[in-house]
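# Structural description and commentary
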Amino acid sequence: MNTKFIAEKLPDLFAGDTVDIANKIDKSQDFMEGVRNLIELCGDDPNREGLEETPYRVLKAFLEYTEGYKENPAIHLEKTFDVKHKELVLVKNIEFYSMCEHHFAPFFGVAHVGYMPDFKITGLSKIGRMVEGYAKRFQVQERLTNEIADAIEQVLEPQGAMVVIEAKHMCMCGRGIKKSNSSTTTTAVRGLFEDRSDARMEFLSLINR
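Residues numbered from 1 in each chain as written. Predicted model: local features only at pLDDT ≥ 70, side-chain atom pairs only at ≥ 80, totals over all residues. Heavy atoms only, no water.

### A look at the sheet that holds strand E5 (residues 138-139)
- Pairing within the open sheet is mixed, and its 5 strands lie in the order E5-E2-E3-E6-E7. Every other strand in the sheet has two partners, leaving E5 and strand E7 (184-191) as the edge strands with one partner each.
- Where strand E2 (residues 89-100) and strand E3 (residues 106-116) come together, 9 bridges link them in antiparallel fashion. Residue Ile94 lies in a different strand from E3, and its bridge partner there is Ala111.
- Across the face of the sheet, helix H5 (residues 141-156) comes into contact with E2, E3, E5, strand E6 (160-169) and E7 while running at roughly 25° to E7. (Pairing = 2+ DSSP bridges. Helix = DSSP H or I, 4+ residues; strand = E, 2+ residues; numbered from the N terminus. Contact = heavy atoms within 4.5 Å. Axes fitted to C-alpha atoms, helices over the stretch in contact; angles between N-to-C directions.)

What follows is the structure in structure tokens.
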């Protein structure tokens, strides 16, 4: 990759940042050199057409994959409404894309997020934004599930909260054991969902419709 290309493109990636931009650009150059070395280790030529700009593209992609570090996703839930509703609120099939922290391989799927309000109700789209914020980090599915449930519990203070995530992991489907049809389901329960099997069953029956 030529020096001019780096000089022109790298500052654009950090245009919204205000802290330590020069250091970030230096680390970006080191990262791109590492990608060039990886290409060589894998047996290809990083200077050939098609791969010459790949280190920059990889850097740009990873910064997009991890945009969740730029915010506290729970803040999305702080917009609440004065609505009297004490029964289940469920948002299901929230698509997400995340990055396995062990292999930097994608995992993706859907999150089902529900809560029994006490005195706070948030906007439905805010739940989706919160899920996306936690997903766009280096993650494991178990942590992601619990972070979503904890955010609901801490911000909305509901009677209870429940989260189910179903996902496919490319570190298992596309490498290693290579079980392409496998999927992983994780759950997290808080409050009354811990103690009431009928509440859990209602949640599960609704997401399986």
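### Quick notes on the side chain of His169
- Residue placement: His169 occurs in strand E6.
- You can call His169 buried: its relative accessible area is 14%.
- A distance of 2.7 Å separates polar atoms of two side chains, one belonging to His169 and the other to Gln141. (Buried < 20%, exposed > 50% of the residue type's maximum accessible area, 1.4 Å probe, protein only. Polar contact = N/O pair within 3.5 Å; in protein donor to acceptor, adjacent residues only side chain to side chain.)

### What about the pattern of salt bridges?
- All told, the structure shown has 10 salt bridges when counted by the stated rule.
- Of the charged contacts, one joins Arg36 and Glu33 as a salt bridge, the two residues approaching to 3.8 Å between their closest N and O atoms. With Arg36 and Glu33 both in helix H2 (residues 21-41) and 3 residues apart, the pair spans about one turn of that helix.
- Its relative accessible area of 17% is what places Arg36 among the buried residues. (Salt bridge = Lys/Arg side-chain N within 4 Å of Asp/Glu carboxyl O.)

### Some details on the packing of H2 against helix H3 (residues 54-65)
- Look at H2 against H3: their axes get within 9 Å of each other, and the N-to-C directions meet at 120°. Classified by the interaxial angle, the pair formed by H2 and H3 is oblique. As for the relative orientation of H2 and H3, their crossing is right-handed in sense. Between H2 and H3, the residues in contact are Ser28, Phe31, Met32, Val35, Arg36 and Ile39 and Thr54, Pro55, Tyr56, Val58 and Leu59, respectively.
- Tallied by class, residues from the contact of H2 with H3 come to 8 nonpolar, 2 polar and 1 charged. (Parallel < 35°, antiparallel > 145°, perpendicular 65-115°, else oblique. Left-handed = near helix turned anticlockwise from the far one by under 90°. Nonpolar A, V, L, I, M, F, W, Y, C, P; charged D, E, K, R; others polar.)

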